[in-house]
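Survey of secondary and tertiary structure
Single-letter residue listing:
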Amino acid sequence: MRKALGGLFGAQAIDAYLRPDGIIRHIVAFVDSLPRKHISPDSQPIKPIVGGFIATGDEQATPLSAENAAKYAPYVAVIRKVDPRLVSDVYFHYHALFQQAYEELTKSRARFDDRVLQAIDA
């Protein structure tokens with residue numbers, strides 16, 4: 001999976017941004033948590049971004065700081081370069097492993113594809 005993602009996003013980006021262990025397991029846990037109110041930092045497939053979330057304003061209005069957007073710019077640049085069809089191809093190639101990881105995580109025979117759709121709709 002690491003090699004396939006490196007082919008899509010570039011090996012440097014994968015080394016810089018993704019957690020090196022259990023990539024599929026982390027992606028599955030992250031997708032599973034998206035429709036929920038809380039996403040555990042342990043479930044995220046990317047390495048923690050340095051620095052906390054930055055907002056400006058007061059309790060009534062908290063617009064995002066420009067500094068906040070700058071922290072995410074390298075991630076966005078990497079994602080924008082990739083053809084979504086190629087990402088889909090990798091997903092379908094490794095589909096059985098995603099499904100297996102999802103069954104292990106949820107202790108059920110539920111379909112990971114259904115959870116992906118729920119995450120998209122959330």
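The rules behind each value
Residues numbered from 1 in each chain as written. Predicted model: local features only at pLDDT ≥ 70, side-chain atom pairs only at ≥ 80, totals over all residues. Heavy atoms only, no water. pLDDT = per-residue confidence, 0-100. Helix = DSSP H or I, 4+ residues; strand = E, 2+ residues; numbered from the N terminus. 1 Å grid on protein atoms, 1.4 Å probe; cavity = no way out; pocket = protein on both sides within 12 Å on 5 of 7 lines; lining within 4 Å. Points joined across faces, edges and corners; volume = space filled by probe spheres on them. Nonpolar A, V, L, I, M, F, W, Y, C, P; charged D, E, K, R; others polar. Buried < 20%, exposed > 50% of the residue type's maximum accessible area, 1.4 Å probe, protein only. Arc of directions from axis to C-beta. Contact = heavy atoms within 4.5 Å. Axes fitted to C-alpha atoms, helices over the stretch in contact; angles between N-to-C directions. Parallel < 35°, antiparallel > 145°, perpendicular 65-115°, else oblique.

A few words on the confidence of the model for the protein. Looking at the protein as a whole, its pLDDT mean stands at 91, while 95% of the residues score no less than 70. When pLDDT is averaged over each element of the protein, helix H6 (residues 95–106) comes out on top at 98 and helix H4 (residues 66–80) at the bottom at 89.

So, on to the layout of surface pockets. Put simply, the largest pocket is a space of about 1000 Å³. Going through the elements one at a time, helix H1 (2–9), helix H2 (11–17), helix H3 (23–33), H4, helix H5 (84–93) and helix H7 (112–121) are the ones with two or more residues in the lining of the largest pocket. The greatest single-element share of the lining of the largest pocket, amounting to five residues, is contributed by H5. Residues that form the lining of the largest pocket fall into these classes: 28 nonpolar, two polar and one charged.

What follows deals with H1. Buried within H1 we find Leu5, Gly6 and Leu8. Down the axis, H1 shows its buried residues gathered within 160° of arc, on one side only. Facing away from the buried side of H1, by more than 90 degrees, are the exposed residues Lys3 and Gly7. Tucked inside the fold, the buried residues of H1 contact H2, H3 and H5. Glycine 10 sits one or two residues past H1 and shows a positive phi near 100°.

Before going further, it helps to spend a moment on the packing of H6 against H7. In contact at an axis separation of 9 Å, H6 and H7 are set at 85° when each is read in the N-to-C sense. Classified by the angle their axes make, H6 and H7 are roughly perpendicular. Note on element contacts: H7 touches H6 through Phe112, Asp113 and Arg115, opposite His95, Phe98, Gln99 and Tyr102. Its residues assigned to classes, the contact of H6 with H7 comprises three nonpolar, two polar and two charged.

Attention shifts here to the packing of H1 against H5. Interaxial distance between H1 and H5 falls to 10 Å at its minimum, and their mutual angle equals 175°. When the interaxial angle is binned, H1 and H5 end up roughly antiparallel. Contacts between H1 and H5 involve Ala4, Leu8 and Phe9 from the first element and Leu86, Val87 and Val90 from the second. Per-class residue counts for the contact of H1 with H5 are six nonpolar, no polar and no charged.

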